[in-house]
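# Descriptive structure summary
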Amino acid sequence: MEILEKSVKEIHGLLKNRVLKCRDLIIQTYKNIEQQEPEIQSFISLAKEESISRSEEIDRLYDKGEELPVLAGIPIAVKDNICIKGQKTTCASRMLADFVAPYDATVTKKLTEHYMIPVGKLNMDEFAMGSSTENSVFHTTRNPWSLDCVPGGSSGGSTASVAAGQVPLSLGSDTGGSIRQPAAFCGVTGFKPTYGRVSRYGLVAFASSLDQIGPVAKNVEDISCVLNAISGHDSMDSTSADIAVPDFTLCLGKDIKGLKIGVPAELFGPAINSDVRQCVINGLELLSKEGACWEEVNMESFPHAIETYYILSSAEASANLARFDGVKYGHRYHNAKNIKEMYKKTRGSGFGSEVKRRIILGTYVLSAGYYDAYYAKAQKMRTLFKLDFAKAFKKYDVLITPSSPTTAFKIGEKIEDPLDMYTADIATIPVNLAGLPAISVPCGFVDGLPAGLQVIGKAFDEETVLKVAYKYQQLTDFHKKKPKLLN
Amino acid sequence: MEFEPVIGIEVHAQLKTRTKLFCGCSTNSGEKRNSNVCPVCLGMPGALPVLNKKAVEYAVRAGLALNCTVKELSVFSRKNYFYPDLPKGYQISQFDLPVCENGSITIDVDNRKKTIGIQRIHMEEDAGKLIHQGSASIAGADYSLVDLNRACVPLIEIVSEPDIRSAREARVYVEALKLILQHTGVCDGNLEEGSLRADVNISIRPLGQEKLGTRAEVKNLNSFRSLERAATVEIERQKALIISGGKVVQQTRNWDDASQKTTALRSKEEAHDYRYFQEPDLIPLRLPVAMIREIKNSMPELPVKKMERYKADLGLNDFNSYQILVDCDMNRYFEECLLIKEDIEPSEICKWILGDLNALVKDGNSSFSECKVTPEKLITLVKLIKSGKISGKIAKEVIKKMYETGADPENIVKESGVEQISDTDMLQAAVDKVLAANPDVVLKIKAGKTNSANFLMGQVMRETRGQAQPDLVRKLILDTVNKG
Amino acid sequence: MSLTMKDLEQVLSLANLDVEPHEKEIYLDQLTNILEQMETLGKLDLEGVKPSAYACEHSTFLREDIVKQSAVSLEKNAPEWELNSFRVPKILAD
């Protein structure tokens with residue numbers, strides 16, 4: 001158990017000095033997974049055999065004294081919407097329950113290049129649509145801090161597995177907060193890079209203009225290590241940016257004297273749980289003691305985050321999910337008399353209710369007669385979000401907000417009321433609309449449940465975000481707290 | 001009442017790239033079913049499109065050749081509809097911001113010049129192919145098979161303005177487009193094989209009326225002949241319909257070559273609502289001015305310019321200039337000949353290509369690009385004629401052998417002993433012999449009837465088994481008669 | 001602009017989704033609520049604001065025209081596979 005609590009750099013040191021065998025590390029990882037899994041249920045599938053044989057290969061390399069990357073031999077779990085060749089990629093959907101990915105996502109290739117070991121695929125809301133991981137066709141993942149609470153979503157498996165000590169690292173995807181909100185709920189650190197920083201090739205698309213893959217870890221330093229490995233331009237993804245990738249660990253530990261922090265007033269109002277708000281304010285005060293200064297800023301677009309986001313993301317999703325038609329792969333309704341019936345019954349029985357709701361909404365807002373009223377308006381609204389951020393970043397280096405308006409809610413509490421569920425993302429959505437980098441770090445506890453603080457940065461300025469978050473974790477120990485678990 | 005047809009044409013041209021529009025798969029769709037496919041063109045979950053640079057170049061080239069404005073900014077959109085040959089459930093196509101706009105071409109319709117406007121040219125991906133089982137057509141099929149080799153193959157759609165006023169103009173317009181696309185290397189322009197597809201939108205209105213009538217779109221036109229014929233038939237159908245008090249319905253009609261009729265395709269269950277929106281996976285295409293300029297500078301010679309050059313510089317007549325141009329393969333062959341022709345007259349080369357060689361290629365169901373008579377060998381043959389080594393008549397036999405075996409004309413001439421006799425001494429003997437045997441003819445010539453020499457020439461040619469050089473024989477006959 | 005059952009059915013047909021009749025009622029209800037919230041955008045004056053379709057627009061990346069064959073096994077994932085093709089039911093309804 002203890003070994004997985006160490007940082008990536010510490011584990012690397014042990015592996016390199018051969019104090020620890022990679023094989024033992026992986027065996028221990030599966031022990032932890034199997035121990036916690038009956039209660040937490042973070043995973044959809046495991047790749048135990050492949051992982052152990054891979055760990056043996058890596059041991060041989062270490063034995064030979066080869067200079068290996070810092071992440072070599074470290075286990076990582078991957079959200080089940082990222083393709084790993086030869087393994088199931090289900091998106092937690094009946095539609096893809098038996099789909100075996102015939103190719104590797106670019107991030108998967110990068111993990112392999114860094115000799116990392118993908119130990120299994122993580123639970124999520126179906127096609128990443130949701131904020132609680134309750135929309136998985138397989139099972140609901142539970143919050144390690146309180147088993148009757150949700151872990152957040154959609155990357156609930158990614159954050160719960162790290163919080164429960166099953167794995168030291170995981171990958172998630174973030175379209176409207178799907179890494180940061182569950183990171184806040186589970187008391188772990190989760191990062192959404194700038195749109196275009198990490199290739200989306202092989203990430204099953206939800207909303208292409210918003211989706212971004214990012215890491216989940218116990219602390220900022222580990223986040224930086226993974227970010228180093230997965231970032232960079234990819235000739236398979238036209239939206240990936242051809243911008244130099246710095247070493248993200250170099251910015252850590254730098255001081256924050258004179259740092260200017262903007263604090264969006266709209267995310268400190270009545271919509272935010274007052275205790276959560278207080279945790280964040282405490283954090284701001286700690287940072288100001290280190291020489292940063294902060295002030296309120298008005299972000300007038302923010303109150304329209306949900307409308308803008310749900311129109312745009314559902315519209316894109318309605319097209320992205322049209323490929324699931326029962327023709328080439330995945331679930332199919334057999335015995336249909338004709339193609340139209342096959343389509344309707346395949347899709348009707350293959351998608352869960354939240355996915356269908358979004359497809360309906362997305363189809364509606366794009367359809368003739370409604371496009372201008374909804375879709376075109378939302379696109380204009382998106383511009384206003386970008387302008388608000390651009391204006392704020394002329395004055396401030398980062399913005400700080402709560403990651404989520406509340407702490408984790410109870411399983412089943414919001415599942416009947418989609419609109420209520422959507423409000424869980426009000427703090428994270430604006431960041432995706434503008435394509436910015438942002439991190440969620442644990443910033444305290446409310447009734448025993450973790451709260452998260454979000455640091456938002458300028459596009460492609462991940463370094464400042466990481467620097468601030470790292471400083472914050474030097475000043476606090478919330479990220480070191482562990483849930484009381486079985487065994 | 002007199003009616004005027006109003007016709008607009010949408011032409012889909014397959015771009016001659018090696019790879020598909022958005023992935024590295026080969027565009028060769030003739031291979032085993034579903035063999036040239038990858039996660040991208042199969043619409044696998046998580047796969048993303050990346051635009052082919054060459055396809056962009058070709059689209060711009062086509063635009064420049066058709067006098068369009070090339071847009072520095074153009075955008076791809078998703079056209080959403082379900083069909084089993086469309087793997088992603090949407091087609092990536094340019095919608096409101098196409099790569100080229102506002103062009104035109106001038107066509108020559110039976111010696112009358114006419115300019116047809118080009119509204120736009122946009123890029124899009126092709127769909128896959130359906131193979132219906134249990135019946136030849138979709139209607140009676142029990143089920144269908146999907147082959148995605150063709151999915152994502154790059155196309156441009158060229159949309160004309162409704163400037164066309166007759167079936168004949170429609171045909172000439174598409175012929176002219178084909179020629180331009182072929183000569184710019186953008187498309188191989190094969191209507192029969194579907195690398196060029198024309199959909200013809202036809203409406204009619206009373207002559208003099210401004211307002212357009214309701215149009216029908218005619219599809220499945222696999223040759224220029226059927227295109228012209230289908231347009232004629234559809235115009236007549238609409239006329240008859242209106243005269244009998246009926247109304248033209250907006251619909252898609254299928255041309256059937258066998259019955260020479262257009263028939264309405266089954267109307268879809270629901271009205272189309274393509275829900276176009278900008279493709280978020282592809283950032284808008286920004287074409288730097290320098291890139292457009294570079295494409296402009298490297299443009300192959302357009303057919304119109306080429307024809308002018310053939311007439312002015314090479315002295316070819318109208319007919320031959322066009323004929324030597326219209327088949328791209330043949331034209332390339334001709335151009336290669338011009339490069340090595342030395343002092344040979346272009347019209348002489350043109351004559352051989354359009355005549356004997358073309359006949360041989362056609363009979364052999366072959367093409368000029370795979371012809372064993374290389375341009376070098378053809379030039380050698382023409383030189384043999386010019387230098388008097390062989391006669392034109394013999395050359396016709398030689399080129400046949402060259403076509404069959406690929407042998408050098410010089411070798412064929414040597415081996416078969418058909419070289420022309422230009423040795424004066426040898427010929428003089430034959431002339432003397434013929435003159436001695438025909439004293440009466442000699443007298444006629446002496447009396448000034450030089451035409452009678454033709455008879456004697458024939459005799460000499462027979463003596464020499466056709467190998468004598470005719471001009472020389474004639475000269476020898478006249479000289480000998482006059483001396484004597 | 002409230003969503004009617006007819007609108008919903010039209011959308012379900014466009015999106016090819018089969019939904020049980022009782023589910024339709026629930027969807028209609030939920031979507032009506034959602035659209036009501038969405039309509040707050042309708043009240044904003046967005047005249048003259050440019051729409052954004054992208055998070056950020058960097059320069060266009062173009063691929064060279066070089067063939068890259070990738071062997072993908074299709075049969076394993078195909079619901080119905082026949083003669084190296086995906087088999088689908090008849091396209092026209094009876």
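Note that the structure is predicted; figures quoted are calculated from it, not measured. (Residues numbered from 1 in each chain as written. Chains lettered and ligands numbered in written order. Predicted model: local features only at pLDDT ≥ 70, side-chain atom pairs only at ≥ 80, totals over all residues. Heavy atoms only, no water.)

## A closer look at the overall build of chain A
Regarding its fold elements, chain A presents 15 helices and 11 strands. Over its C-alpha trace chain A gives a radius of gyration of 21 Å, about what one expects of a compact globule, namely 23 Å for 487 residues. When its C-alpha atoms are laid out on the principal axes, chain A stretches across 65 × 55 × 45 Å. Here the contacts in chain A between residues at least 6 apart in sequence split such that 76% fall between residues at least 24 apart. Split by element, the accessible area of chain A, about 14700 Å² in all, is 49% carbon and sulfur. Taken together, the 56 basic and 57 acidic charged side chains of chain A have centroids lying 3 Å from each other. (Helix = DSSP H or I, 4+ residues; strand = E, 2+ residues; numbered from the N terminus. Rg over C-alpha atoms; globule rule 2.2 N^0.38 Å. Contact = heavy atoms within 4.5 Å. Areas by Shrake-Rupley, 256 points an atom, 1.4 Å probe, with all protein chains shown as cover. Lys, Arg positive; Asp, Glu negative; His and termini not counted. Charge placed at Lys NZ, Arg CZ, Asp CG, Glu CD.)

## Points about the pattern of salt bridges
Residues and elements named next belong to chain B. Considering all chains together, one arrives at 58 salt bridges over all chains under this definition. The partner of Glu169 in a salt bridge is Lys114, and the shortest N-O contact between them spans 3.0 Å. A residue pair is termed long-range when its members are at least 10 positions apart, and Glu169 in helix α2 (residues 167-183) and Lys114 in strand β7 (residues 112-125) qualify at 55 residues. Just as Glu169 is buried, Lys114 falls in that class too. (Salt bridge = Lys/Arg side-chain N within 4 Å of Asp/Glu carboxyl O. Buried < 20%, exposed > 50% of the residue type's maximum accessible area, 1.4 Å probe, protein only.)

## So, helix α8 (residues 274-289) of chain A
Residue and element names in this part refer to chain A. Taking 1.5 Å as the rise per residue, α8 with 16 residues should run 22 Å; its terminal C-alpha atoms sit 23 Å apart, in good agreement. If you check which residues of α8 are buried, you get Val276, Cys279, Val280, Gly283, Leu284 and Leu287. Summarising the axial view, the buried residues of α8 lie within an arc of 140 degrees, below the 170-degree limit, and thus occupy one face. Against β7 (260-264), β8 (293-297), β9 (398-402), β10 (438-446), β11 (449-456) and α15 (462-475) lie the buried residues of α8. The N-capping residue of α8, defined by a side-chain oxygen 2.7 Å from the backbone nitrogen of Asp275, is Asn273. Just downstream of α8, Gly291 is the residue with a positive phi angle, here 100 degrees. (Expected span 1.5 Å × (residues − 1). Arc of directions from axis to C-beta. Polar contact = N/O pair within 3.5 Å; in protein donor to acceptor, adjacent residues only side chain to side chain.)

## Description of the interface of chain A and chain C
Across the boundary between the two partners, chain A contributes 66 residues, which contact 53 residues of chain C. Contact with chain C buries area across many residues of chain A, yet Ile360, Tyr364 and Lys377 of chain A alone supply 11% of it, more than any other trio. Between Arg332 of chain A and Glu80 of chain C there is a salt bridge; the shortest N-O distance is 3.0 Å. For the pair chain A and chain C, the number of links is 21 residue pairs in polar contact (both at pLDDT 80 or more). (Buried area = accessible area lost by both parts, 1.4 Å probe.)

## With respect to the packing of helix α14 (residues 453-463) of chain B against helix α15 (residues 470-483) of chain B
Residue and element names in this part refer to chain B. Running from N to C, α14 and α15 point in directions that differ by 120 degrees, and their axes come no closer than 10 Å. One way to sum up the angle between α14 and α15 is to call them oblique. Helix-helix and strand crossings are classified by hand; for α14 and α15 the assignment is right-handed. Where α14 abuts α15, its residues Ala453, Asn454, Leu456, Met457, Val460 and Met461 lie against Pro470, Val473, Arg474, Ile477 and Leu478. Residue composition of the contact of α14 with α15, by class: 9 nonpolar, 1 polar and 1 charged. (Axes fitted to C-alpha atoms, helices over the stretch in contact; angles between N-to-C directions. Parallel < 35°, antiparallel > 145°, perpendicular 65-115°, else oblique. Left-handed = near helix turned anticlockwise from the far one by under 90°. Nonpolar A, V, L, I, M, F, W, Y, C, P; charged D, E, K, R; others polar.)

## Things to note about the sheet that holds strand β9 (residues 143-147) of chain B
Taken in spatial order, the 4 strands line up as β8(B)-β9(B)-β2(C)-β1(C) in an open sheet, and their pairing is antiparallel. Across the chains shown, the open sheet's two edge strands, defined by having one partner strand only, are β8 (129-133) of chain B together with β1 (81-82) of chain C. (Pairing = 2+ DSSP bridges.)

## What about the pairing of strand β1 (residues 3-14) of chain B?
All names here are of chain B. With 11 of 12 residues buried, β1 is to be regarded as a mostly interior element. Both β1 and strand β11 (residues 196-206) contribute to a ladder of 11 bridges, which runs antiparallel. Considered in β11, the bridge of Glu10 is made with Asp199. Direction of pairing for β1 relative to strand β10 (residues 154-160): antiparallel, over a ladder of 5 bridges. Counted as the bridge partner of His12 is Glu157 from β10.

## Section: the packing of helix α5 (residues 303-312) of chain B against helix α7 (residues 328-339) of chain B
All names here are of chain B. Running from N to C, α5 and α7 point in directions that differ by 45 degrees, and their axes come no closer than 14 Å. In terms of their interaxial angle, α5 and α7 are classed as oblique. The element α5 and its partner α7 pack so that their crossing is left-handed. Facing Lys306, Arg309 and Tyr310 of α5, the residues of α7 in contact are Asn331, Phe334, Glu335 and Leu338.

## Looking at the pairing of strand β5 (residues 90-94) of chain B
Residue and element names in this part refer to chain B. Within β5, 5 of the 5 residues are buried, leaving the element largely enclosed by the surrounding structure. Burial of the side chains of β5 extends over both faces: Tyr90, Ile92 and Gln94 are buried on one face and Gln91 and Ser93 on the other. Bridging between strand β4 (residues 76-80) and β5 involves 5 bridges; their strand directions are antiparallel. Within β5, the position partnered with Arg78 by the bridge is Ile92.

## Points about α14 of chain B
All names here are of chain B. Listed as buried for α14 are Ala453, Leu456, Met457 and Val460. Axial view of α14: buried residues confined to an arc of 105 degrees, hence all on one face. Buried residues belonging to α14 abut α12 (424-437), α13 (439-446) and α15. Looking one or two residues past α14, Arg465 carries a phi angle of roughly 50 degrees, positive in sign.

## Here we look at the packing of aromatic side chains
The geometry of an aromatic ring pair is captured by the separation of the ring centres together with the interplanar angle, meaning the angle of the planes. Under the definition given, this model contains 26 aromatic pairs over all chains. Between Phe127 of chain A and Phe351 of chain A, the aromatic rings sit 5.9 Å apart at their centres with planes inclined by 70 degrees, giving edge-to-face as the arrangement. Taken together, the residues Phe127 of chain A in the loop between β3 (117-122) and α5 (156-163) and Phe351 of chain A in the loop between α10 (339-350) and α11 (353-366) connect sequence positions 224 residues apart. We note that Phe127 of chain A, like Phe351 of chain A, is buried. Each residue in the set Phe99, Phe127, Phe324, Tyr329 and Phe351 of chain A is aromatic and connected to the rest through ring pairs, giving one cluster. A cation sits over an aromatic face here: Lys414 of chain A above Phe409 of chain A, 4.7 Å from the ring centre. A cation over a ring is seen here: Arg87 of chain C above Tyr143 of chain B, with NZ or CZ 3.4 Å from the ring centre. (Phe/Tyr/Trp six-rings, centres within 6.5 Å; stacked < 30°, edge-to-face > 60°. Lys NZ or Arg CZ within 6 Å of the ring centre and 35° of its normal.)

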